[in-house]
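Listed below are the residues making up each chain.
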Amino acid sequence: MEILKVEHLCKTYGSGDARVDALKNVSFTLQKGEFAAVVGESGSGKSTLLNCIGGLDDPTSGKVYLDGKDLFAMKENQRTIFRRQNMGFVFQSFQLVAELNVEQNIIFPLLLDYKKPDQHRVDEILEVLGLTERRRHLPGQLSGGQQQRVAIGRALITRSSLILADEPTGNLDSRNSQDVLDLLTKASRRYQQTILMITHNENLTESVDRVLRVSDGVLRDLGGARL
């Protein structure tokens with residue numbers, strides 16, 4: 001089942017001599033439960049791609065469909081709500097709310113939509129992430145790896161169709177990086193959530209389903225290749 005469809009996506013910054021084509025006619029699809037990694041050098045366009053797919057940045061041209069819905073046919077406020085309900089984000093810098101404990105950070109997206117959390121699902125996610133004993137801790141009381149686990153839990157709780165992970169291991173050591181990758185893999189397998197991960201660390205592509213490489217704004221699908 002196709003979840004994400006990107007069609008002829010282009011993103012241009014500036015004009016004339018200052019023109020930069022960050023994305024050049026990018027097209028690809030992802031299926032339900034698929035875990036794909038986007039690799040490329042710094043400045044290659046991979047983060048721009050993620051931001052456009054997530055509706056955080058408007059493309060110059062092209063289409064992004066999530067579960068059949070045209071993201072950029074929506075008004076901005078509609079897109080914001082749709083994004084919150086259908087996408088989960090995992091950032092390199094965690095972006096947790098410092099005043100909220102682990103459990104509160106995880107359920108925060110639900111509270112924004114005035115939804116009552118399913119306590120069984122909350123408990124299950126805490127167990128999967130190994131955070132049950134830390135559920136009342138504040139972010140400042142956690143290690144970097146534990147904070148990233150909380151961010152993953154926040155992306156899982158809404159049962160979002162698509163999880164976008166932007167360099168999720170960038171601030172972690174090798175052991176915690178592997179733990180985070182294992183958790184994302186488990187999420188795609190256990191909860192059938194589609195994951196698109198941006199990474200510069202090509203060693204982290206061994207367990208994903210597909211590898212996409214971006215170079216100078218051009219995307220090449222390497223399929224199930226392992227780098």
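It should be noted that the structure appears before, not after, this text.
Since the structure is predicted, the reported quantities are computational estimates derived from the model, not experimental observations.

1. Observations concerning the sheet that holds strand 8 (residues 194–199)
With respect to topology, six strands assemble into an open sheet ordered 6-7-8-3-9-10, the strand pairing being mixed. Strands with a single pairing partner mark the edges of an open sheet, and in this sheet they are strand 6 (87–91) and strand 10 (218–221). Pairs of neighbouring strands in the sheet enclose a mean axial angle of 20 degrees, with direction left out of account. Across four bridges, the pairing between strand 9 (residues 210–215) and strand 10 is antiparallel. Bridge pairing in strand 10 places Val 214 opposite Leu 219.

2. Points about the state of the cysteines
Taken as a whole, this structure holds zero disulfides when the rule is applied. In this structure Cys 10 is a free cysteine whose sulfur lies 9.9 Å from that of Cys 52, the closest cysteine sulfur available.

3. Looking at the pattern of salt bridges
Tallying each qualifying case throughout the model produces 14 salt bridges. With its nearest N and O atoms 3.1 Å apart, the salt bridge here joins Arg 189 to Asp 209. Remark: Asp 209 occurs in the loop between strand 8 and strand 9 and Arg 189 occurs in helix 6 (residues 174–190); sequence separation between them is 20 residues. Judged by relative accessible area, which is 27%, Asp 209 ranks as partly exposed. In this structure, Asp 221 engages Arg 210 in a salt bridge whose closest nitrogen and oxygen atoms are separated by 2.4 Å. Here Arg 210 lies in strand 9 and Asp 221 lies in strand 10, a separation of 11 residues in the sequence. When salt bridges with common partners are traced through the structure, they connect Glu 103, Asp 123, Arg 135 and Arg 136 into a single cluster.

4. Quick word on the environment of Met 74
Relative to the helices and strands, Met 74 resides in the loop between strand 5 (69–70) and helix 2 (76–86). C-alpha of Met 74 to C-alpha of Cys 52: the two residues are 22 residues apart in sequence and 14 Å apart in space. Leaving out residues up to four positions away in the same chain, Met 74 has contacts with Lys 69, Arg 79 and Phe 82.

5. A word on unusual backbone geometry
Backbone geometry places Tyr 114, a non-glycine residue, at a positive phi of 60 degrees. By the element assignment, Tyr 114 lies in the loop between helix 3 (102–112) and helix 4 (119–128). In this structure, Glu 167 is a non-glycine residue whose phi angle is positive, near 50 degrees. With respect to the secondary-structure elements, Glu 167 resides in the loop between strand 7 (162–166) and helix 6. A relative accessible area of 10% means that Glu 167 is categorised as buried.

Definitions and limits used
- Residues numbered from 1 in each chain as written.
- Predicted model: local features only at pLDDT ≥ 70, side-chain atom pairs only at ≥ 80, totals over all residues.
- Heavy atoms only, no water.
- Pairing = 2+ DSSP bridges.
- Helix = DSSP H or I, 4+ residues; strand = E, 2+ residues; numbered from the N terminus.
- Axes fitted to C-alpha atoms, helices over the stretch in contact; angles between N-to-C directions.
- Disulfide = S-S within 2.5 Å.
- Salt bridge = Lys/Arg side-chain N within 4 Å of Asp/Glu carboxyl O.
- Buried < 20%, exposed > 50% of the residue type's maximum accessible area, 1.4 Å probe, protein only.
- Contact = heavy atoms within 4.5 Å.

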